[in-house]
Amino acid sequence: MSFRIISKFVLNQGNGRCITACHRNPFGTFLSSPSATPSNATARARGRQKSYFQLRFFGGLSDDIENLVCKPLQSPAGVLDESESNFIPQNALYEGQGCAKKRVLVLCTGGTLTMAPDLKQKGALAPVEGAISKYMSQMVELKEDNPEMPDYVLHEYSPFLDSADLGPADWVTIAKDIESNYFKFDGFVVLTGTDTMAYIATALSFMLENLNKPVIFTGSQIPLCMPQNDARRNLIMAMIFASRDSINEVCIFFHDRLLRANRTTKVNTHKLLAFDSPNMDPLATIGISIDENEHVLLPPAKGPLRVHLRMDTRLLTIRLVPGFDDSMIRRLIESNMEEQQLRALVLQLYGTGNLPSVKESFIKLLADATEQGIMVIASTQCFTGSVLLGHYATGRALLEAGAVSAGDMTLEAIACKCAYLFGRRGFTNQQNEELMGISLRGELTPPELLVPPTGASGSFEQCIAKARKRS
Ligand SMILES: NC(=O)C[C@H](N)C(=O)O
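What counts and what doesn't
Residues numbered from 1 in each chain as written. Predicted model: local features only at pLDDT ≥ 70, side-chain atom pairs only at ≥ 80, totals over all residues. Heavy atoms only, no water. UniProt positions renumbered as here; feature names shortened; annotations may be inferred. Salt bridge = Lys/Arg side-chain N within 4 Å of Asp/Glu carboxyl O. Helix = DSSP H or I, 4+ residues; strand = E, 2+ residues; numbered from the N terminus. Buried < 20%, exposed > 50% of the residue type's maximum accessible area, 1.4 Å probe, protein only.

- In the annotation of an unreviewed UniProt entry, the protein is listed under the name asparaginase and assigned to Pseudo-nitzschia multistriata.
- In UniProt, the protein has this text filed under Catalytic activity (unreviewed entry): "L-asparagine + H2O = L-aspartate + NH4(+)".
- Its UniProt record gives the protein the following Sequence similarities (unreviewed entry) comment, quoted word for word: "Belongs to the asparaginase 1 family."

Observations regarding the pattern of salt bridges
Opposite charge on two side chains permits pairing when their charged atoms draw close.
Piece 1. The final tally for this structure, using the stated rule, is 16 salt bridges.
Piece 2. Of the charged contacts, one joins Asp195 and Lys266 as a salt bridge, the two residues approaching to 2.7 Å between their closest N and O atoms. Of this pair, Asp195 sits in the loop between β9 (187-191) and α4 (197-207) while Lys266 is found in strand β14 (residues 265-266), placing the two residues 71 residues apart along the sequence.
Piece 3. Looking at Asp195, the relative accessible area reads 46%, which means it is partly exposed.
Piece 4. Taking relative accessible area as the criterion, Lys266 reaches 24% and is therefore assigned partly exposed.
Piece 5. Put simply, Arg343 and Asp312 hold a salt bridge, and the shortest N to O gap is 3.6 Å. Pair noted here: Arg343 is in the loop between α6 (326-339) and β20 (344-349) and Asp312 is in the loop between β18 (306-307) and β19 (315-319), with a separation of 31 residues, a long-range link.
Piece 6. One network of salt bridges, in which partners are shared, links Glu209, Arg306 and Arg424.

Printed below as a string of structure tokens:
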């Protein structure tokens with residue numbers, strides 16, 4: 001799929017105000033430049049800055065996915081030296097108000113939020129290019145005299161797509177655009193369709209290592225053009241959260257909750273409460289106030305941002321149903337093993353990670369697969385809770401076949417974590433297996449923190465002991 005980026009930037013409300021540079025260095029300090037026509041307040045702030053600089057923001061974001069390598073982020077010229085001891089204002093002061101005005105980059109890929117009934121498609125919803133910029137420029141909440149809202153730059157990708165049409169190449173495009181604009185904005189909003197939003201946002205959480213700014217995904221169930229839409233509030237709240245210093249991770253805001261992206265899954269096709277993070281509390285909830293759950297927010301990263309652009313998605317997911325025909329699954333796996341294509345096999349199993357122990361040949365097949373270097377991952381079909389291999393004899397056989405537990409990860413997290421780890425290439429199979437059991441971006445409850453079930457078996461205890469030793 002071609003996912004060309006057009007350089008269509010809407011400077012805040014189209015008023016021509018220049019976009020200024022804002023930088024938070026790897027150590028968490030902000031450096032930002034005042035606007036082109038600094039107010040007294042910004043001039044005062046400037047007086048306290050030793051290395052004042054200004055970058056203008058030009059269009060021309062990345063438009064290809066070549067050079068898919070992991071590379072450390074380069075700082076723009078003129079950034080603050082870490083030995084700098086001067087006080088650096090967190091942001092340019094907002095003219096006349098004496099308060100900080102944040103800057104947010106809004107990246108829009110399409111999705112229902114941007115859609116309208118298309119007569120050529122018999123009234124089916126289809127994305128309308130250009131509509132979002134028109135709506136946003138008319139939203140009073142986003143006018144620049146509203147000090148609580150950030151300045152924003154909107155970037156519309158072309159063509160707008162239903163999220164079902166977005167894949168790893170598009171995740172790479174988004175990651176690259178965040179990388180190349182990282183120092184110019186305080187936070188990022190990504191507008192996508194809801195159907196694969198949890199996958200895209202989860203993938204981004206792995207691709208953006210040491211993220212120190214908010215990246216907030218949102219979309220809607222009802223298009224922005226319809227009066228009863230949920231798009232407007234989702235968009236406003238996403239922009240508010242994208243301006244918060246307390247958030248250093250990729251999140252999904254939807255309806256009334258901010259969720260960690262890699263814990264999130266789409267749970268409803270109709271209701272406005274379309275997402276949930278079944279095994280983790282929301283990062284924040286909104287009612288008449290915004291309540292952050294400070295204890296679950298990820299702390300600021302210690303190192304500089306590293307962007308990993310190679311995602312190896314050679315995995316197969318099989319959801320078991322009672323009475324399944326294992327000969328069919330056998331053929332599928334065997335043909336993949338022969339072509340040496342398959343890297344991981346995700347089994348969605350019953351309960352704590354059980355499969356029929358009577359199917360000995362199937363278990364033997366899984367043991368052969370692990371021996372050939374295919375990672376066999378045991379996950380659960382249950383919406384909440386965790387895989388506990390070894391709690392039941394039926395699951396124990398899997399442990400012996402060399403399967404790896406997915407713990408309480410969502411399917412989205414399992415798939416994207418595999419793609420990320422395999423894409424890194426530098427890890428051995430054993431290291432990959434160990435990393436699957438370790439929380440890299442908050443996607444997993446560490447096994448040692450899981451409450452052992454009543455009557456936990458010896459092998460469950462062994463799993464925990466092994467995990468403790470690793471950490
Ligand atoms: N609500 C939505 O955005 C669904 C739409 N099919 C999409 O994922 O693009």
